[in-house]
2 protein chains.
Amino acid sequence: MRRLYHLPLSPFCRKIRLTLAEKGIEVALIEEKVWERPIDFLRLNPACTVPVYVGREGRPMADSGAIFEYLEETGPEPRLLPADPADRAEARRLVGWFDDKFHNEVTANLVYERVNKRLRGAGYPDSAKVKAGSRNVKIHLDYIGWLTETRNWLAGDHLTIADFAAAAHLSCLDYCGDVPWEHNDSAKHWYARVKSRPAFRTLLQDRLPGFPPPAAYADLDF
Amino acid sequence: MRRLYHLPLSPFCRKIRLTLAEKGIEVALIEEKVWERPIDFLRLNPACTVPVYVGREGRPMADSGAIFEYLEETGPEPRLLPADPADRAEARRLVGWFDDKFHNEVTANLVYERVNKRLRGAGYPDSAKVKAGSRNVKIHLDYIGWLTETRNWLAGDHLTIADFAAAAHLSCLDYCGDVPWEHNDSAKHWYARVKSRPAFRTLLQDRLPGFPPPAAYADLDF
């Protein structure tokens, strides 16, 4: 069986879980405490990051971007990149926006400070970072709102990996109750559409011991 | 004419410049002081990062990963990704290794501390960071050495974008005299092979006002 080594609140893992579910590829999920640097896992990925995907051929693949492109090239429909190369570039640009910019400005400041630090026994959240993250998330919600007012989905007419990348980050924040949805109606409406897809169900069932999500987390009519 | 907005010592821009040169695509290089947040440039890329590529159709593209995939999908030979999907995943994993891990552990600690800070008038290098970067670069040279002892190029039998991503970072460090080449012979030998490619020439001619590179920087027999 195909395997995905992951962590529940990793946006990079969630992006791949959404991709797998949307394409109907079943995997066994294996939680991997990367901060303990398990020797067997280091053999699969010397960078010691999740996600790592192991397909039927048994060859481990690391880096969520590389895994996504592999699944897109070899996996079943639906395609999560547009057909036109310039449109594909736009979808990939937005993946970079969320996995790089949003990640550094928001996810790292909120989810990593509040949850990852405690899981790893690495101390208390840095309040300056939490404050910065709370401020930055509003700017990004406005950007999402603006995009979805001019386009059907983030990167154009169709759902793409850009929507999954963005929703993966926001779903991690949402688990912590850190998304001020009232700030931007268009962004909220877009998220409700992504959240109601069957592929999203597995994420909504995630529960971290000692960190229950707010009631709205799994509510499709939040 | 095609344009590339760039900064000379940006490893992400250098990766794209190498890709363009290897494929024989001519571009006008436009230096962009992103830290001044020029309003016209923000219109091209709201993330305000380089590289930004503008092709013949005039549509701006941001994010070096997205630009690379576009050039690979639409540009001329040689291909910089292998044909086999799992081999492609390995090449892309290594791009992620250098653009993410190496970038954070080495490039940001050395090049950004020594050069970018001064260019932007943002103060003096943080000596703890410089020290960490100098320590980390050796570990990465060993990884490169190990890869090239078991493979012809970093990702396999042929030169790929992984070699260019790695060489782009190392060439920025090399401009600052920050690569202890004597540390690993195999890594040095691999870099000499990449450096001697015609595509590399443009990088070796870069000169930053006030920051002359050491003599060995442009020397193919360093």
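Residues numbered from 1 in each chain as written. Chains lettered and ligands numbered in written order. Predicted model: local features only at pLDDT ≥ 70, side-chain atom pairs only at ≥ 80, totals over all residues. Heavy atoms only, no water.

A. Seen up close, the pairing of strand E2 (residues 28–31) of chain A. Alignment of strand E1 (residues 3–6) of chain A against E2 of chain A, held across four bridges, turns out to be parallel. Its bridge partner lying in E2 of chain A, Tyr5 of chain A is registered against Ile30 of chain A. (Pairing = 2+ DSSP bridges. Helix = DSSP H or I, 4+ residues; strand = E, 2+ residues; numbered from the N terminus.)

B. Structural detail: the sheet that holds E2 of chain A. Residues and elements named next belong to chain A. Taking strand neighbours across the sheet as the criterion, the four strands line up as E2-E1-E3-E4 in an open arrangement whose pairing is mixed. Every interior strand has two partners, whereas the edge strands, E2 and strand E4 (60–62), have only one. Neighbour-to-neighbour, the strand axes of the sheet open up by a mean angle of 20°, direction not taken into account. Packing against the sheet, helix H3 (residues 64–74) makes contact with strand E3 (52–54) and E4, and its axis sits at approximately 120° to E4. (Axes fitted to C-alpha atoms, helices over the stretch in contact; angles between N-to-C directions. Contact = heavy atoms within 4.5 Å.)

C. Inspection of the domain arrangement of chain A at higher detail. All names here are of chain A. Partitioning chain A into structural domains gives domain 1 (3–74) and domain 2 (85–198). Distance between the C-alpha centres of domain 1 and domain 2: 20 Å. When domain 1 packs against domain 2, close to 1500 Å² is buried across both sides, 69% of that on carbon and sulfur atoms. Linking domain 1 with domain 2 are three salt bridges, by the criterion used here. Here Arg197 makes a salt bridge to Glu22, at a shortest N to O gap of 2.6 Å. Counting every contact that joins domain 1 to domain 2 gives four residue pairs in polar contact (both at pLDDT 80 or more). Listing elements by their share of the side of domain 1 that touches domain 2, those giving two or more residues are helix H1 (11–22) and H3. Classifying every residue of the side of domain 1 that touches domain 2 gives seven nonpolar, three polar and four charged. (Domains from an automatic or database assignment. Buried area = accessible area lost by both parts, 1.4 Å probe. Salt bridge = Lys/Arg side-chain N within 4 Å of Asp/Glu carboxyl O. Polar contact = N/O pair within 3.5 Å; in protein donor to acceptor, adjacent residues only side chain to side chain. Nonpolar A, V, L, I, M, F, W, Y, C, P; charged D, E, K, R; others polar.)

D. Summary view of the environment of Leu170 of chain A. All names here are of chain A. If you trace the backbone, Leu170 turns up in helix H6 (residues 161–175). Looking at Leu170, the relative accessible area reads 0%, which means it is buried. Between the C-alpha atom of Leu170 and that of Phe98, which follows or precedes it by 72 residues, the distance is 9.6 Å. Discounting residues that sit within four places of it in the chain, Leu170 has contacts with Phe102, Leu141, Ile144, Val179, Trp181, Trp190 and Tyr191. (Buried < 20%, exposed > 50% of the residue type's maximum accessible area, 1.4 Å probe, protein only.)

E. Up close: the layout of surface pockets. In this structure, the second largest pocket occupies an estimated 290 Å³ of space. Contributing to the lining of the second largest pocket are 17 residues, with Glu90 and Arg93 of chain A together with Arg43, Leu44 and Pro46 of chain B lying nearest its centre. Among the elements that take part in the lining of the second largest pocket, helix H4 (residues 85–119) of chain A stands out by supplying four residues, more than any other. In terms of residue class, the lining of the second largest pocket is made up of 11 nonpolar, one polar and five charged. (1 Å grid on protein atoms, 1.4 Å probe; cavity = no way out; pocket = protein on both sides within 12 Å on 5 of 7 lines; lining within 4 Å. Points joined across faces, edges and corners; volume = space filled by probe spheres on them.)

F. Focus on the packing of H4 of chain A against helix H5 (residues 127–150) of chain A. Residues and elements named next belong to chain A. Contact geometry for H4 and H5: axes closest at 8 Å, N-to-C directions at 150°. Here H5 runs roughly antiparallel to H4, going by the angle between their axes. Between H4 and H5 the crossing geometry is left-handed. Packed against H4, whose contacting residues are Arg93, Leu94, Trp97, Phe98, Lys101, Phe102, Glu105, Val106, Asn109, Leu110, Glu113 and Arg114, the element H5 presents Lys129, Val130, Ala132, Gly133, Ser134, Asn136, Val137, His140, Tyr143, Ile144 and Leu147 at the interface. (Parallel < 35°, antiparallel > 145°, perpendicular 65-115°, else oblique. Left-handed = near helix turned anticlockwise from the far one by under 90°.)

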